[in-house]
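# Residue-level structure breakdown
So you can see what is in the structure, the chains are spelled out below.
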Amino acid sequence: MHFISDIVSQLFHWIQSLGYFGIMLGLMIEVIPSEIVLAYGGFLVSSGHISFIGAVLFGIVGGVIAQLFVYWIGRYGGRPVLEKYGKYIFIHKKHIDAAEQWFNKYGTGVIFTARFIPVVRHAISIPAGISKMNVWRFILLTTLAIIPWSVLFVYLGYVLGDQWEHVNEKAGPYVTPILLVALALLIVYFVIKMVKSRSRKGTK
């Protein structure tokens, strides 16, 4: 465990030394959960190393590229590759199963809402890639979801300052409303999809 903590400590030192690009690369390689990297970015803002807007922008870019990478693996490698190597980016079979169920049930629109759902959010890009979802639609929906996530955790890291490591303990009251809104949007999306499906059947 001490060896692992040393590696993580070195990664944070690396992120600090690279500034904006450190945040972007930290999110792209996904060795550390995104909310932790973003919170550390917020801490760097509070200590005057970088600006808030810059931290958010590079956080968004890094987050989108990370998910685009998973999308391409799903598109060209398929489920077998991800089941074998996904553990290296914290994606396991249970995540893939849950993401596929959500994607098959709710369609491409779930790419946005699922980003806020635990377990599913890390793996939802996989079925999008496997189904060969339009890549520009995928990027748009992913970006729209990552924007509030990046703003929230950079802000929390900024507010917490030296206590940024406790971000997960403080995030609950903020994440819960976002989760409820995401679920509400998912329900609305599902209802609209059902109505359109029935109207198409009625015109036949």
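Everything in this summary refers to the structure shown in the same document.

What counts, and at which threshold
Residues numbered from 1 in each chain as written. Predicted model: local features only at pLDDT ≥ 70, side-chain atom pairs only at ≥ 80, totals over all residues. Heavy atoms only, no water. Helix = DSSP H or I, 4+ residues; strand = E, 2+ residues; numbered from the N terminus. Buried < 20%, exposed > 50% of the residue type's maximum accessible area, 1.4 Å probe, protein only. Contact = heavy atoms within 4.5 Å. 1 Å grid on protein atoms, 1.4 Å probe; cavity = no way out; pocket = protein on both sides within 12 Å on 5 of 7 lines; lining within 4 Å. Points joined across faces, edges and corners; volume = space filled by probe spheres on them. Nonpolar A, V, L, I, M, F, W, Y, C, P; charged D, E, K, R; others polar. Axes fitted to C-alpha atoms, helices over the stretch in contact; angles between N-to-C directions. Parallel < 35°, antiparallel > 145°, perpendicular 65-115°, else oblique. Left-handed = near helix turned anticlockwise from the far one by under 90°. Polar contact = N/O pair within 3.5 Å; in protein donor to acceptor, adjacent residues only side chain to side chain. Core = buried A, V, L, I, M, F, W, Y, C linked by side-chain atoms within 4.5 Å.

To continue, consider the overall build of the protein. Along the protein, the regular secondary structure elements total 10 helices and zero strands. A burial count over the protein gives 45% of its 204 residues as buried. Contacts spanning at least 24 positions in sequence make up 71% of the contacts within the protein whose residues lie at least 6 apart.

For the rest of this paragraph, the subject is empty space enclosed by the protein. Here the idea is plain: a probe the size of a water molecule rolls over the atoms and shows the empty space left. A complete count under the given rule lists one cavity of 30 Å³ or more for this structure. In this structure, the largest cavity spans a volume of roughly 230 Å³. Lining the largest cavity are 16 residues, and of these Ser34, Gln67, Arg121, Ile146 and Trp149 lie nearest its centre. Taken together, the residues of the lining of the largest cavity sort by class into seven nonpolar, six polar and three charged.

Looking at helix 2 (residues 20–29), one finds that the buried residues are Gly22, Ile23, Met24, Gly26 and Leu27. Backbone geometry just after helix 2 places glutamate 30 at a positive phi near 55°.

Two numbers describe how helix 2 lies on helix 4 (residues 52–76): the axes approach to 7 Å, and their chain directions differ by 25°. With respect to their mutual orientation, helix 2 and helix 4 come out roughly parallel. Note that helix 2 runs across helix 4; the crossing there is right-handed. In this structure, helix 2 uses Tyr20, Phe21, Ile23, Met24, Leu27 and Met28 to contact helix 4, whose residues at the interface are Gly54, Ala55, Phe58, Gly59, Val61, Gly62, Gly63, Ile65 and Ala66.

The topology assignment puts glutamine 101 in helix 6 (residues 93–106). Looking at glutamine 101, the relative accessible area reads 57%, which means it is exposed.

This brings us to the side chain of serine 125. Mapped onto the secondary structure, serine 125 falls in helix 8 (residues 125–130). Within the structure, the side chain of serine 125 is placed 2.6 Å from the side chain of glutamine 67, a separation counted as a polar contact. Discounting residues that sit within four places of it in the chain, serine 125 has contacts with Gln67, Val70, Tyr71, Arg115 and Phe138.

With respect to the element layout, isoleucine 73 can be found in helix 4. Residues isoleucine 73 and serine 125, spaced 52 residues apart in sequence, show a C-alpha to C-alpha distance of 9.2 Å. Setting aside anything within four residues of it in sequence, one finds isoleucine 73 in contact with Gly78, Val81 and Leu82.

Ranked by size, the top nonpolar core spans 53 residues in total, and within it Ile111, Ile124 and Met133 carry the most contacts. When residues of this core are traced back to their parent elements, those giving at least two are helix 1 (2–18), helix 2, helix 3 (34–46), helix 4, helix 6, helix 7 (110–113), helix 8 and helix 9 (135–160). No other element matches helix 9, which puts 11 residues into this core.

Bringing the packing of helix 2 against helix 3 into the picture now. Relative orientation and spacing of two packed helices are given, respectively, by the angle between their axes and the distance between those axes. Orientation of helix 2 relative to helix 3, taken along the N-to-C sense of each, is 175°, at an axis distance of 9 Å. Taken as axis vectors, helix 2 and helix 3 run roughly antiparallel relative to one another. Mapping the contact onto sequence places Ile23, Gly26 and Leu27 in helix 2 and Ser34, Val37, Leu38 and Gly41 in helix 3. For the contact of helix 2 with helix 3, a count of residues per class yields four nonpolar, three polar and no charged.

Honestly, it's all geometry; don't read function into it.
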